Amino acid sequence: MSEFLGFAWELLAKVVYNVVAVVSSILNLLVFGWVEYFNIFMTYFTTFDLVGKIGAVILFAMLIAVPVLIVAILVHRYRINRRLHRDDTSNKALYREIGRLNKQVLDLMDEKNKLLALKVNAMGGTKQIPYVGASALADDHLPTVGNVVGAAAGAGAPAGEGAAATAVMSGNASLALDGAGVKDAAAAMAKATVEAKTLAEEKEIAQANRFPKLSLVDLKYRDWESPAYDDAISLEDFVDSFRAFACSQMKLYYTPEIIRRFVAGMAASKLLILEGISGTGKTSLPYSFSRYLDNPATIVSVQPSFRDRTEVLGYFNEFSKRFNETEFLRAVYEAGLRQDPSMIVLDEMNLARVEYYFAEILSVLEMPSHDEWVLDLVPTQWAADPRGLHDGKLTIPDSLWFIGTANNDDSTFTITDKVYDRAIPIELNERADAFECEPHERVHVTADHLQYLFQKAKVEYVIDEELLQKMHKLDQYLQTRFKLAFGNRIIKQMYDFIPVYVACGGTELGGMDYIIARKVLKKFESMNVSFVRDEMRGLIEYIEKTFGEGGLPDSVMYLQRIQNFY
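Residues numbered from 1 in each chain as written. Predicted model: local features only at pLDDT ≥ 70, side-chain atom pairs only at ≥ 80, totals over all residues. Heavy atoms only, no water.

Caption draft 1: Expanded view of the overall build of the protein. Regarding its fold elements, the protein presents 22 helices and nine strands. Expressed as a percentage of its 566 residues, the buried residues of the protein come to 37%. Across the protein, the fraction of contacts at a sequence separation of at least 24, relative to all contacts at a separation of at least 6, is 76%. With the model as given, the accessible surface of the protein reaches about 33,600 Å², and the carbon-plus-sulfur share is 59%. (Helix = DSSP H or I, 4+ residues; strand = E, 2+ residues; numbered from the N terminus. Buried < 20%, exposed > 50% of the residue type's maximum accessible area, 1.4 Å probe, protein only. Contact = heavy atoms within 4.5 Å. Areas by Shrake-Rupley, 256 points an atom, 1.4 Å probe, with all protein chains shown as cover.)

Spelled out as structure tokens, the structure:
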């Protein structure tokens, strides 16, 4: 046993000695040995030449860098481990807090369910209070006029009529009714039958159709009888009677010139833009005009958030399997079911970028054939879709006009040339003076007859050839000096605008003056006027030389205004 203890002692002593020697060597290497290193360095440093001294300094610096690097690594690892430990502690505390909050949520939900159960039991059980939470999302019962006013109508009906109707419908009517009572009962029963049928159809449409608004339009026009249309009215009488109607029925006053431009603009384009300062009647003009035609316009208030076609046409909701219809879409669809002209007013149309939300309709209206004026709404046709949709597509009717109103201020966007080229702009910067006239009633004119009057004007009031030659000379002058051209679209609009303008009581030169000023010279606003100011003075002189002094007053005034403004 003593031999073993001697062996163990010697072995362990040697191990401890070696460990101490290693630690001592490391301490001497990194800490205590630097005095000896420095003495050796100084002993030999004085004997070296320049190259030797540089080498000695580099070698000694490398020796210093080794322990410094080791210490830096150890400190860095210590900081990382400490940070990970702190993050782990924070995560554990966060997990405990999340668990506590989840438990509170579950407790609150349980408390809510208990309160609901008490409420249901207090009111007579679930048979009296049907559950509508999930069914409201699935069925989506839409409120209708009949749902709202049906009960009130029944409550407000005469007692005799209501009692008779109830008796007849329930089969308990007395056989001793006199003649008047039988008639009242029959009338009440017929009325109740029609209302019940209408309500049932509206309910069926609301529940089973993905286009409920459009289907209700179908229901509205199923038994609609069109009025007697006036096919003898001329364009000049049409303009004069509208001015009298606006004055006598709506207390709105317009100059004959504004109305001529408006009607002639309808002949030249499906899109009209009414510009001007506030309070000059931009919105009331198309509204009163549509009232004059006994077909009130649909006014759509453009919002700054309008970005694409879904803002005006709507979109198909894959979740509810229904199409989110807009008033704009309903108005387009309804216009296809009527024979008279229809209008949609885009109020404050430049609060958003017109070329964004109205781009598809602008492109569709450019198609040469009316058969191509088609809007894609849904990819496939369903059996219950409205009758005016074909393969999920809606055709823009030829009887529909789009009227935009625009203000130019800091809250609006500039209307681009792409939109102006396709539209007829009309400026309303002055309020017309009030006047007295005889009362005038509405007129009923079909859109086909209005188009016939436009075509008739083009035949009867052909633009003078000499005036066309002057226009072509002006076109060449603008191309040479300003790189501006009339363009095929503007030429076509001019051929459509001027004859109708003349038929409404205007002159050829006045119509051409307006188109040149609003469609061609307007492009100067997008140019740097300061560089072409002198050339614009020459243009004014050329216009007065070609068309005579005072021949194109609107164009000359427009150029002078641009010069002064810029």
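Caption draft 2: Region of the structure containing the nonpolar core. Judged by nonpolar contacts, the single largest core of 75 residues is most densely connected at Leu 235, Phe 238, Phe 262, Val 263 and Leu 539. Filtering out sequence-adjacent residues up to four positions away, Leu 539 remains in contact with Leu 474, Tyr 477, Leu 478, Phe 482, Leu 521, Phe 524 and Leu 559. Counting 44 residues, the second largest nonpolar core, distinct from the first, contains Phe 316, Ile 344, Leu 375 and Ala 423. (Core = buried A, V, L, I, M, F, W, Y, C linked by side-chain atoms within 4.5 Å.)

Caption draft 3: Layout of helix H17 (residues 447–460). Spanning 14 residues, H17 covers 20 Å between terminal C-alpha atoms, matching the ideal 20 Å at 1.5 Å per step. Buried within H17 are the following residues: Ala 447, His 449, Leu 450, Leu 453, Phe 454 and Ala 457. Looking straight down H17, one finds that the buried residues subtend no more than 165° of arc, so they occupy a single side. Counted as exposed and oriented over 90 degrees from the buried face of H17: Asp 448 and Val 459. In this structure, the buried side of H17 is in contact with helix H9 (235–250), helix H10 (256–268), strand S8 (400–406) and helix H19 (487–503). (Expected span 1.5 Å × (residues − 1). Arc of directions from axis to C-beta.)

Caption draft 4: Fine view of the sheet that holds S8. Taking strand neighbours across the sheet as the criterion, the five strands line up as S2-S5-S8-S1-S9 in an open arrangement whose pairing is parallel. Of all strands in the sheet, those bounded by a partner on one side alone are strand S2 (298–301) and strand S9 (424–427). Neighbouring strand axes in the sheet, compared pairwise and without regard to direction, differ in orientation by 20° on average. Contacting strand S1 (271–275), S2, strand S5 (342–347) and S8, helix H11 (residues 284–292) crosses the sheet at an angle of about 160° to S5. In this fold helix H13 (residues 327–335) packs onto S2, S5 and S8, with an angle of close to 160° to the strand it touches most, S5. (Pairing = 2+ DSSP bridges. Axes fitted to C-alpha atoms, helices over the stretch in contact; angles between N-to-C directions.)

Caption draft 5: Inspection of the pairing of S1 at higher detail. Of all five residues that make up S1, five are buried, and the element is covered over most of its length. Burial along S1 is two-sided: Leu 271, Ile 273 and Glu 275 facing one way and Leu 272 and Leu 274 facing the other are all buried. With five bridges joining them, S1 and S8 adopt parallel strand pairing. When the bridges of S8 are listed, Ile 273 appears paired with Gly 404. Across four bridges, the pairing between S1 and S9 is parallel. By the bridge assignment for S9, Leu 272 is matched with Ile 424.

Caption draft 6: Quick peek at the side chain of Thr 446. With respect to the helices and strands, the residue Thr 446 is situated in the loop between S9 and H17. Using a relative accessible area of 10% as the deciding quantity, one classes Thr 446 as buried.

Caption draft 7: Representation of the state of the cysteines in the model. Summed over all chains, the structure comprises zero disulfides. Of all cysteine sulfurs, the one in Cys 247 lies closest to Cys 437, which takes part in no disulfide; the gap is 3.3 Å. With a relative accessible area of 28%, Cys 437 lands in the partly exposed category. (Disulfide = S-S within 2.5 Å.)

Caption draft 8: A look at the packing of aromatic side chains. In total, this model carries 23 aromatic pairs according to the counting rule given. With centroids separated by 5.7 Å and ring planes inclined at 20°, the aromatic side chains of Phe 497 and Tyr 501 adopt a geometry described as stacked. Taken together, the residues span about one helical turn, with Phe 497 and Tyr 501 both in helix H19 at a distance of four residues. Over the ring of Trp 382 we find Arg 210; its NZ or CZ atom is 3.9 Å from the centre of that ring. The ring of Phe 435 is capped by Arg 243, whose NZ or CZ atom sits 4.2 Å from the centre of that ring. (Phe/Tyr/Trp six-rings, centres within 6.5 Å; stacked < 30°, edge-to-face > 60°. Lys NZ or Arg CZ within 6 Å of the ring centre and 35° of its normal.)

Caption draft 9: Representation of the environment of Asp 410 within the structure. Tracing the sequence through the fold places Asp 410 in the loop between S8 and helix H16 (417–422). What makes Asp 410 exposed here is its relative accessible area of 84%. Expressed as a C-alpha distance, the spacing of Asp 410 and Leu 351, which sit 59 residues apart in the sequence, is 9.9 Å.

Caption draft 10: Looking closely at the pattern of salt bridges. In this structure the tally under the stated criterion is 29 salt bridges. A salt bridge links Glu 360 to Arg 309, with the nearest nitrogen and oxygen atoms 2.7 Å apart. Of the two residues, Glu 360 is situated in helix H15 (residues 359–365) and Arg 309 in the loop between S2 and helix H12 (310–313); the sequence distance between them amounts to 51 residues. The partly exposed category is assigned to Arg 309, whose relative accessible area is 23%. Here Arg 518 ties to Asp 554 by a salt bridge, and the two come within 3.6 Å at their closest N and O atoms. Of this pair, Arg 518 sits in helix H20 (residues 508–520) while Asp 554 sits in helix H22 (residues 553–565); the two residues are 36 residues apart in sequence, bridging distant segments of the chain. Overall, Arg 518 belongs to the buried group, its relative accessible area being 8%. Through salt bridges with shared partners, a single ionic network connects Glu 257, Arg 260, Arg 261, Glu 427, Arg 518, Asp 554 and Arg 561. (Salt bridge = Lys/Arg side-chain N within 4 Å of Asp/Glu carboxyl O.)

Caption draft 11: Just H22, in detail. If you check H22, its first and last C-alpha atoms are 18 Å apart, about what 13 residues at 1.5 Å a residue would give, namely 18 Å. Restricting attention to buried positions, one finds in H22 the residues Asp 554, Ser 555, Val 556, Tyr 558, Leu 559, Ile 562 and Gln 563. Elements in contact with the buried residues of H22: H10, S9, H20 and helix H21 (533–547).

Caption draft 12: Seen up close, the pairing of S5. Across the six residues that make up S5, a large majority, six, are buried. A two-sided burial pattern is seen for S5, the buried positions comprising Ser 342, Ile 344 and Leu 346 on one face and Met 343, Val 345 and Asp 347 on the other. Bridge count between S2 and S5: four bridges; the pairing is parallel. Paired with Ser 301 across the two strands is Asp 347, which belongs to S5.

Caption draft 13: Focus on the packing of H21 against H22. The contact between H21 and H22 brings their axes to 10 Å, and the two run at 165°. Compared by their axis directions, H21 and H22 come out roughly antiparallel. Crossing of H21 over H22 shows left-handed handedness. Between H21 and H22, the residues in contact are Arg 533, Met 536, Arg 537, Leu 539, Ile 540, Ile 543 and Glu 544 and Val 556, Leu 559, Gln 560, Ile 562 and Gln 563, respectively. Within the contact of H21 with H22, the residues separate by chemical class into seven nonpolar, two polar and three charged. (Parallel < 35°, antiparallel > 145°, perpendicular 65-115°, else oblique. Left-handed = near helix turned anticlockwise from the far one by under 90°. Nonpolar A, V, L, I, M, F, W, Y, C, P; charged D, E, K, R; others polar.)

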